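Summary of structural features
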Amino acid sequence: MSNTAPESFIDPRILGQIGDLSLLARSVVDGFLHGLHRSSRAGLSLDFAEHRPYQPGDDLRRIDWRVYGRTDRFYLKTYEADTNADVVFALDASASMDYGTASYTKFDYARFLTASLAWLAQRQGDRVGLVTLAGDILDIVPPSTRHLNLLLHTLGRVKAKGEGQIPAMMERVAQLRGRSGIVVLVSDCYEDPSVLRRSLSGMRARGNDVIVFHVIDPGERDLPWTAPGNFEDAESGVRMPLRPDDLRKEYQEIFEEHRRTLLREFGRENIDYAVSETDRPLDASLRTFLDLRLMGSKAR
């Protein structure tokens with residue numbers, strides 16, 4: 001794969017035609033990184049940094065057996081080049097994500113975005129993990145530098161269904177986290193903003209950087225339809241007859257107020273909030289991720 005992918009290749013309309021998430025993520029990141037400097041944190045170092053608890057997927061050869069002899073617990077020695085972050089992605093797989101007015105859905109875009117961010121994070125030396133909850137099906141990929149392919153495989157087979165379960169999913173993320181790092185929630189954020197904030201505040205209290213990518217379809221943003229018809233709630237199945245022309249202005253005001261409330265609620269907990277509209281190229285979201293992480297590293 002060339003490192004000089006054309007800019008147009010990171011357009012989601014083109015990416016939607018690619019079925020291989022591994023190829024897609026590599027293509028997006030290679031295209032995005034073209035012209036950027038490589039991370040100064042890449043490479044090896046012999047400078048000891050700290051011990052950290054063993055996690056499934058870690059290299060057994062790196063266990064510090066002297067510490068095990070004293071504590072009866074498994075710890076790994078980490079070095080300066082190993083101290084990059086754990087990045088855990090929480091992907092909203094509720095039925096409302098399975099909606100789109102283009103050839104791809106919000107869920108497709110969210111999977112493309114998660115795959116690309118995970119690929120990018122691993123290239124920077126971070127350990128990547130994933131949690132999704134679709135209906136009663138829970139998928140967990142513990143963070144590891146060797147779990148990118150497992151993460152991509154999980155993204156490839158998960159299907160959106162059921163009601164939103166962000167609080168339950170974040171409880172699983174909290175159980176997974178052994179050390180502070182970065183938690184990335186990718187969701188259409190249809191739950192109550194105060195509920196979302198409380199669900200994420202615990203991660204902030206544990207010292208994590210938390211980033212929320214709010215995935216929005218242009219149809220639900222603009223309500224472009226003109227003919228009267230029955231509109232169905234994707235998660236509850238409830239139908240309601242509506243005349244879009246009569247409701248468009250009020251609907252758009254409510255939609256924008258919801259976004260402002262999310263920004264305000266997340267701001268109270270220093271949670272980073274970014275909008276990812278599915279009619280925009282993915283590189284905009286990648287740049288947002290890097291900018292937010294850079295600001296977070298400066299804050300630390």
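Located above this text is the structure these notes cover.
Structural notes, computed from the coordinates. Being a predicted model, the structure only gives us computed values, none of them experimental. (Residues numbered from 1 in each chain as written. Predicted model: local features only at pLDDT ≥ 70, side-chain atom pairs only at ≥ 80, totals over all residues. Heavy atoms only, no water.)

Side note on the layout of surface pockets
This is how the line gets drawn: Whether a set of points on the 1 Å grid over the protein atoms alone is a cavity depends on a 1.4 Å probe fitting there but being unable to get out, while an open set qualifies as a pocket with protein on both sides within 12 Å along at least five of seven lines; lining residues are those with an atom within 4 Å of a point. Grid points are joined across faces, edges and corners, and a volume is the space filled by probe spheres set on the points. In DSSP terms, a helix is any run of H or I states spanning at least four residues, a strand is any run of E spanning at least two, and both are numbered starting from the N terminus. Side-chain classes are defined by residue name, with Ala, Val, Leu, Ile, Met, Phe, Trp, Tyr, Cys and Pro counting as nonpolar, Asp, Glu, Lys and Arg as charged, and the others, Gly among them, as polar.
Each pocket or cavity is described by its volume, and for the largest pocket that value is around 870 Å³. Broken down by secondary-structure element, the contributors of at least two residues to the lining of the largest pocket are α8 (218-222), β8 (229-232), β9 (239-242) and α9 (244-268). With seven residues, α9 is the single largest residue contributor to the lining of the largest pocket. Of the residues contributing to the lining of the largest pocket, the split by class is 14 nonpolar, three polar and seven charged.

A look at the packing of aromatic side chains
Aromatic rings in a pair are described by how distant their centres are and how their planes are angled relative to each other. The condition that has to hold: Only Phe, Tyr and Trp rings are paired, with Trp represented by its six-membered ring, and only when their centres lie within 6.5 Å; those with planes under 30 degrees apart are stacked, over 60 edge-to-face, the remainder tilted. Burial classes follow relative accessibility: with a 1.4 Å probe on protein chains only, a residue under 20% of its type's maximum area counts as buried, one over 50% as exposed, and anything between as partly exposed.
Applying the stated rule across the entire model yields seven aromatic pairs. On the numbers, 5.7 Å between centres and 80° between planes, the contact of W65 with Y68 is edge-to-face. Placement of both W65 and Y68 in helix α3 (residues 65-71) is noted, with a separation of three residues, approximately one turn of the helix. W65 sits in the exposed class, given a relative accessible area of 52%. With centroids separated by 5.8 Å and ring planes inclined at 45°, the aromatic side chains of F266 and Y273 adopt a geometry described as tilted. The class of F266 is buried, set by a relative accessible area of 0%. The structure contains a cluster of three or more aromatic residues connected by ring pairs, namely Y54, W65, Y68 and F74.

Purely spatial values, then, with no claim about function.
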